[in-house]
Amino acid sequence: MVRFLKIALIFIFFDFFAFSDDVPLWIRSRSLAFPRDEFISATGTGKNEAEARENALSAISMFFGVNVRVEKSSDFFANEENGNVSKNRLVNEKTSVSSEIALPSVHFTNAFFSHGDYSVCAYVLKETAIFELSSEANRALEAAADFLSISQDSKDALSKNSFAKKAMLECEKGEKSAKSLSALDSKTATDFFEQFHSIFAQAQKSSESARRRLVFNVTESPESKDDGSALNALRQEAEVRGFSCSAHGFFEIRVLVSFEESENAIGKFVRPILSLRLFGEDGAVITSFSRSLPKCGHRTLEGAYEKARADIKKEIAEKVAPAFFD
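Residues numbered from 1 in each chain as written. Predicted model: local features only at pLDDT ≥ 70, side-chain atom pairs only at ≥ 80, totals over all residues. Heavy atoms only, no water.

**Q** Tell me about the environment of threonine 128, and please be specific about residues and values.
**A** If you trace the backbone, threonine 128 turns up in helix 5 (residues 126–153). Residue threonine 128 is classed as partly exposed on the basis of its relative accessible area of 28%. Each C-alpha atom, one on threonine 128 and one on glutamate 38, is 9.9 Å from the other, the two residues being 90 residues apart in sequence. (Helix = DSSP H or I, 4+ residues; strand = E, 2+ residues; numbered from the N terminus. Buried < 20%, exposed > 50% of the residue type's maximum accessible area, 1.4 Å probe, protein only.)

Laid out in structure tokens, this is it:
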């Protein structure tokens with residue numbers, strides 16, 4: 001009986017040490033592998049290693065209050081876009097991760113396979129995260145301050161409004177980094193929030209003072225062939241963005257619409273040509289836009305013109321209005 005117990009204990013100890021050697025420490029005790037005072041960590045499980053990484057990354061992003069979107073692609077190349085909506089990083093050769101702000105540098109353990117599933121641990125060094133998030137917030141703060149200064153010094157209402165909006169956009173981006181930072185360094189994050197709020201308020205005031213002068217007089221060139229639809233579309237786009245249109249506006253937008261007709265055995269064709277010029281308060285041309293749109297075909301000339309005018313309105317909404325008013 002004693003011999004049997006000795007053999008049983010030997011097997012128990014053998015199983016324990018075999019388990020200890022094979023199973024990673026981060027599975028047995030993540031807090032030992034990645035102490036919480038130094039690391040932020042999260043595990044993910046999936047049917048393959050890529051899925052496990054995605055789930056681990058999604059879990060760790062919740063700590064920073066960041067929504068991530070994971071997209072798979074067999075032809076994905078590493079890419080990082082600055083100044084707009086997202087940051088992209090290469091997780092592996094077939095996975096792209098997008099988020100509102102750049103996540104701090106995330107590392108992954110080797111995958112562990114057990115019972116048909118893969119497990120991975122994602123981890124971030126807190127010290128590195130604080131440095132990267134603070135750097136991103138500080139970059140946005142400096143950019144916002146620069147844009148605010150240009151806006152306040154500008155005598156041109158369009159430039160004043162444009163740079164004020166850029167300052168506010170940088171503040172919004174910087175506040176997202178500060179929000180993620182608050183989980184790690186609340187004092188530094190609070191300082192950033194106060195500065196962003198101050199710059200945003202000043203930029204908003206500068207924008208409001210400029211917008212009072214941003215009244216547009218939308219007119220038609222004498223040689224234009226527009227039936228009024230282009231003028232109306234442009235006025236609507238301006239008003240949707242909060243601008244006023246009046247015959248006594250400080251800024252004039254002059255519209256020129258022309259058409260080129262052609263035909264063949266299939267039907268009638270009309271090519272619309274749209275040209276616009278924006279004049280400043282001093283009468284000088286600030287910017288211009290000109291484009292020859294694709295031909296529109298129909299069995300009747302009237303039908304071709306109808307399609308051409310619809311394309312002009314679409315062009316105004318998608319290309320002209322953002323260039324002139326945003």
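**Q** Hey, could you go over the packing of aromatic side chains for me, with residue numbers and the actual values?
**A** Within a pair of aromatic rings, the relevant descriptors are the distance that separates the centres and the angle that separates the planes. With the rule as written, the count across this model stands at twelve aromatic pairs. A centroid spacing of 6.0 Å and a plane angle of 35° characterise the contact between phenylalanine 243 and phenylalanine 325, whose relative ring orientation is tilted. Taken together, the residues phenylalanine 243 in the loop between helix 8 (229–240) and strand 9 (244–245) and phenylalanine 325 in helix 9 (residues 301–325) connect sequence positions 82 residues apart. A ring pair is formed by phenylalanine 259 and tyrosine 305, whose centres lie 5.0 Å apart and whose planes are at 70°; its orientation type is edge-to-face. Of the two residues, phenylalanine 259 is situated in strand 10 (residues 251–263) and tyrosine 305 in helix 9; the sequence distance between them amounts to 46 residues. Looking at tyrosine 305, the relative accessible area reads 18%, which means it is buried. Every member of this aromatic cluster is reached through a ring pair, and the members are Phe216, Phe243, Phe251 and Phe325. Over the ring of phenylalanine 243 we find arginine 211, and its NZ or CZ is 4.3 Å from the ring centre. (Phe/Tyr/Trp six-rings, centres within 6.5 Å; stacked < 30°, edge-to-face > 60°. Lys NZ or Arg CZ within 6 Å of the ring centre and 35° of its normal.)

**Q** Can you explain the pattern of salt bridges? Please cite residues and give values.
**A** Counted under the stated rule, the structure contains twelve salt bridges. Close ionic contact of glutamate 170 with arginine 139 constitutes a salt bridge, the shortest N to O distance being 3.1 Å. Of the two residues, glutamate 170 sits in helix 6 (residues 157–181) while arginine 139 sits in helix 5, which places them 31 residues apart along the sequence. Judged by relative accessible area, which is 9%, glutamate 170 ranks as buried. Judged by its relative accessible area of 34%, arginine 139 is partly exposed. Lysine 173 is the partner of glutamate 170 in a salt bridge, and the nearest nitrogen-oxygen pair spans 3.3 Å. Note that glutamate 170 and lysine 173 are positioned in helix 6 at a spacing of three residues, about one turn of the helix. One continuous salt-bridge network, built from bridges that share partners, spans Glu136, Arg139, Glu170 and Lys173. (Salt bridge = Lys/Arg side-chain N within 4 Å of Asp/Glu carboxyl O.)

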